[in-house]
2 protein chains.
Amino acid sequence: MNVIETKQGLKCWVATMKQDNRSIGFVPTMGFLHEGHLSLIRQARKENDVVIVSIFVNPAQFGPGEDFERYPRDLPKDTALAESVGADVLFVPSAEEMYPAEAQVTLTAGPQADRLCGRSRPGHFDGVLKVVTKLFHLTEADRAYFGQKDAQQLAIIESLVRDFDFPVEIRRGATVREEDGLAKSSRNVYLSPEERSEAPAIHEALRLGREATLSGRDPVPVMADHIERHTSGTIDYIEFLSYPELTEPIGSGEAVLAVAVQFEKARLIDNVILNLKEKY
Amino acid sequence: MNVIETKQGLKCWVATMKQDNRSIGFVPTMGFLHEGHLSLIRQARKENDVVIVSIFVNPAQFGPGEDFERYPRDLPKDTALAESVGADVLFVPSAEEMYPAEAQVTLTAGPQADRLCGRSRPGHFDGVLKVVTKLFHLTEADRAYFGQKDAQQLAIIESLVRDFDFPVEIRRGATVREEDGLAKSSRNVYLSPEERSEAPAIHEALRLGREATLSGRDPVPVMADHIERHTSGTIDYIEFLSYPELTEPIGSGEAVLAVAVQFEKARLIDNVILNLKEKY
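Residues numbered from 1 in each chain as written. Chains lettered and ligands numbered in written order. Predicted model: local features only at pLDDT ≥ 70, side-chain atom pairs only at ≥ 80, totals over all residues. Heavy atoms only, no water.

### Points about helix α3 (residues 75-84) of chain B
The α-helix winds at 3.6 residues per turn, so residues separated by three or four positions along the chain end up facing the same way. Residue D74 of chain B occupies the N-cap position of α3 of chain B, its side-chain oxygen lying 3.3 Å from the main-chain nitrogen of K77 of chain B. Just beyond α3 of chain B, the residue with positive phi is G86 of chain B, at close to 95°. (Polar contact = N/O pair within 3.5 Å; in protein donor to acceptor, adjacent residues only side chain to side chain. Helix = DSSP H or I, 4+ residues; strand = E, 2+ residues; numbered from the N terminus.)

### Topic: the relation of the copies chain A and chain B
Relative to chain B, chain A is turned by 180° and slid 0.0 Å along the rotation axis, the superposed coordinates differing by an RMSD of 0.0 Å. On the angle and the small slide along the axis, the relation comes out as a two-fold axis. Minimal C-alpha distance to the rotation axis in chain A is attained by L107 of chain A, lying at 2.3 Å. Mapped onto chain B, 100% of the interface residues of chain A are again interface residues, and the two copies thus contact each other with one and the same surface. (Least-squares fit on C-alpha atoms with pLDDT ≥ 70 in both. Contact = heavy atoms within 4.5 Å.)

### Examining the sheet that holds strand β10 (residues 267-275) of chain B
The strands making up a sheet associate through backbone hydrogen bonding, with each pair oriented either parallel or antiparallel. Residue and element names in this part refer to chain B. Read from one edge to the other, the open sheet built from 3 strands follows the order β8-β9-β10, with strand pairing classed as antiparallel. The open sheet has two edge strands, β8 (234-243) and β10, and neither has a second partner. Averaged over all adjacent pairs, the angle separating strand axes in this sheet is 10°, with direction ignored. Two elements, strand β9 (residues 254-262) and β10, share 9 bridges in a ladder whose sense is antiparallel. Across the sheet, the residue bridging to L257 is V272, located in β10. Set on the sheet, helix α9 (residues 200-214) makes contact with β8, β9 and β10; between it and β10 the angle comes to about 25°. In this fold helix α10 (residues 219-230) packs onto β8 and β9, with an angle of close to 155° to the strand it touches most, β8. (Pairing = 2+ DSSP bridges. Axes fitted to C-alpha atoms, helices over the stretch in contact; angles between N-to-C directions.)

### Regarding the nonpolar core
F136 of chain A together with F136 of chain B are the most contacted members of the largest nonpolar core, which totals 102 residues. Those residues in contact with F136 of chain B that sit more than four places away from it in its chain are F26, A141, A144, F146, I157, V161, F166, V168 and I170 of chain B. (Core = buried A, V, L, I, M, F, W, Y, C linked by side-chain atoms within 4.5 Å. Buried < 20%, exposed > 50% of the residue type's maximum accessible area, 1.4 Å probe, protein only.)

### Some remarks on the pairing of strand β3 (residues 50-55) of chain A
Residues and elements named next belong to chain A. For β3, the buried fraction is high: 6 of the 6 residues fall into the buried class. With burial as the criterion, each face of β3 is covered, one bearing V50, I52 and S54 and the other bearing V51, V53 and I55. Once the chain exits strand β2 (residues 24-29) it traverses helix α2 (residues 35-47) before rejoining the sheet at β3, and the crossover so formed is right-handed. Relative to strand β4 (residues 89-91), β3 runs parallel, the two sharing 3 bridges. Counted as the bridge partner of V53 is L90 from β4. The parallel pair β3 and β4 is bridged by helix α3 (residues 75-84), and the resulting crossover is right-handed. (Right-handed = clockwise from strand over helix to strand, strands pointing away.)

### Some remarks on unusual backbone geometry
The step from Y243 of chain A to P244 of chain A runs through a cis peptide bond, and the omega angle for that step is 5°. Its place among the elements puts P244 of chain A in the loop between β8 (234-243) and β9 (254-262). Along the chain, E248 of chain B connects to P249 of chain B via a cis peptide bond; the corresponding omega equals -5°. Mapped onto the secondary structure, P249 of chain B falls in the loop between β8 and β9. Despite not being glycine, F32 of chain B shows a phi value in the positive range, around 50°. Looking at F32 of chain B, the relative accessible area reads 23%, which means it is partly exposed.

### Focus: the packing of helix α6 (residues 124-139) of chain B against helix α7 (residues 151-163) of chain B
Residues and elements named next belong to chain B. Remark: α6 packs on α7, axes separated minimally by 11 Å, with the N-to-C direction vectors making an angle of 55°. Viewed along their axes, α6 and α7 adopt a mutual orientation that is oblique. Classified by chirality, the crossing of α7 by α6 is right-handed. From α6, F125, V128, L129, V132, T133 and F136 reach across to α7, where they touch Q152, Q153, I156, I157, L160 and V161. When the residues that make up the contact of α6 with α7 are grouped by side-chain class, the tally is 9 nonpolar, 3 polar and no charged. (Parallel < 35°, antiparallel > 145°, perpendicular 65-115°, else oblique. Left-handed = near helix turned anticlockwise from the far one by under 90°. Nonpolar A, V, L, I, M, F, W, Y, C, P; charged D, E, K, R; others polar.)

### Focus: the UniProt feature "active site" (unreviewed entry) in chain A
Per the UniProt annotation, the sites labelled "active site" (unreviewed entry) are H37 of chain A. Discounting residues that sit within four places of it in the chain, H37 of chain A has contacts with T29, G31, F32 and S186 of chain A. (UniProt positions renumbered as here; feature names shortened; annotations may be inferred.)

### Considering the UniProt feature "binding site: (R)-pantoate" (unreviewed entry) in chain A
Residue and element names in this part refer to chain A. The positions UniProt marks with the feature "binding site: (R)-pantoate" (unreviewed entry) are Q61 and Q153. For this annotated set, covering 93 residues, all C-alpha atoms fall within 11.4 Å of each other, a compact arrangement in space. Relative to the helices and strands, Q61 resides in the loop between β3 and α3. The contacts of Q61, once residues within four sequence positions are left out, are M30, E66, R121, H124, G127, V128 and V131. Of note is the side chain of Q61, whose polar atom sits 2.8 Å from the side chain of N58. Looking at the element boundaries, Q153 is found in helix α7 (residues 151-163). On the basis of relative accessible area, Q153 is assigned to the buried category, the value being 17%. Leave out the neighbours within four places in its chain, and Q153 touches F125, V128 and F146.

### What about the packing of aromatic side chains?
For the coordinates displayed, the defined rule picks out 12 aromatic pairs over all chains. Taken together, a centroid distance of 6.0 Å and an interplanar angle of 55° make the contact between F56 of chain B and Y99 of chain B tilted. Linking F56 of chain B in the loop between β3 (50-55) and α3 with Y99 of chain B in the loop between α4 (95-98) and β5 (106-108), this pair joins segments that are 43 residues apart in sequence. In terms of burial, F56 of chain B and Y99 of chain B fall into one category: buried. One aromatic cluster is present, formed by F26, F136, F146 and F166 of chain A through successive ring pairs. (Phe/Tyr/Trp six-rings, centres within 6.5 Å; stacked < 30°, edge-to-face > 60°.)

### A closer look at the pairing of β9 of chain B
Residue and element names in this part refer to chain B. With 7 of its 9 residues buried, β9 lies for the most part within the structure. Of the strand pairs in this sheet, β8 and β9 are connected by 9 bridges, and their pairing is antiparallel. Considered in β9, the bridge of Y237 is made with A260. Counting the residues that bridge the hairpin from β9 to β10 gives 4 residues.

Written out as structure tokens, the structure reads:
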């Protein structure tokens, strides 16, 4: 596996692959890899000739007071993990390499960014769009892999690709969970032991919410009640929206039931995507 | 030469060229081709294995009350001209093909768009960025060609490419002029015979402005005086800015001396780029 730190180095490697007509799979990450990332890399490995994994804790998508500085990092372990599941390149640029100068042109997410996490993280998705656009151009990927756990991010990136005709196919990866149902997340390390024992209640709440929806009841109070009774966290949002539009009212296609809970040092998110066609 | 109307058709052709490792040159136009466009196509022809020319009168870059509806069009003549200078593909999508749905994500030009033409054409360059981004992605061009006559557009597109690491090289084409100095433009057909005879004064003014600058005087009043005395048009702007930043004060690198004059049915623009290093 090649570890590449510069854009020029990556471009050069990509050009060689393109010359040989190798298809390129790309998995962008912020590092501190867990089973969720590894399952995306394995999927990319199966569907492409070569695989690029990037690790970049993107300052543009963190707001003031958010956890940019203390976002967990472990490059030696990540390198070993990425190699173990078959990545060909690990791209690990510095912030200066990715953002050498003040940008003139800006990308702005649309109304999809006003709901769910976007409401409490203004500018977050604009920062995601910026780095993802740059990485799509640098990797010239044929397919890029995003986890459904970040359902809003996935929806917004699908819009980006459609709105601007990027020559990349977005592939969705299912959320990977701990045995007790907690969605895998790099931020889970921030949980205290007590919070960690409460956290599976988020997934349980989604299960209850899903059942409520399928039996024609409002899932939101059901979920709120379960989370309030079983965790010490504060509910940031519980929303039930059409997917991937992220609007209300929900239609007869897909819908997302999504939740964010703030614990003392960790804000956890989770969701389920429902196919309402199956119901109606 | 292939005339392609759909994005899917273009993508398919591009994929074949990529598989054969052919380099792709791309010349985006709004049609009504003149010698300025043809010189860009010839340049692309020399520097690439294959050449795509697009003709798309992009509604997104016209404001209300601008000349979108009556922008001159002549596809049969354009087809013959593009073929005569060696284009391999003429891409002529409809507006519905380019913009099938309302976009979620927006691209916005920075302070570079607040000067010169941007001041009287709010949103114009955002529309240019939108279509150019889509066309770069659809053509997967190695090199794209833009005329220096649209100096502000060129500067903003160079920023776009740099800010988002597009895998395309922007190539500048020199302004092509009529024998009397008038810059070639599709909009020149709007000029009345009298206006047409006055219009070379714009280029003469730029020459006088250049001389003034090189002898340490302010070029703006010199140019304004010349245009007011020799044309019936109204000066929209005369500006002297650093290039490609489009800011004041000008530094010791490149600078642009640019002018826009509104005639009855045509708004003409022209500019010269000065290398101030040669002077100081």
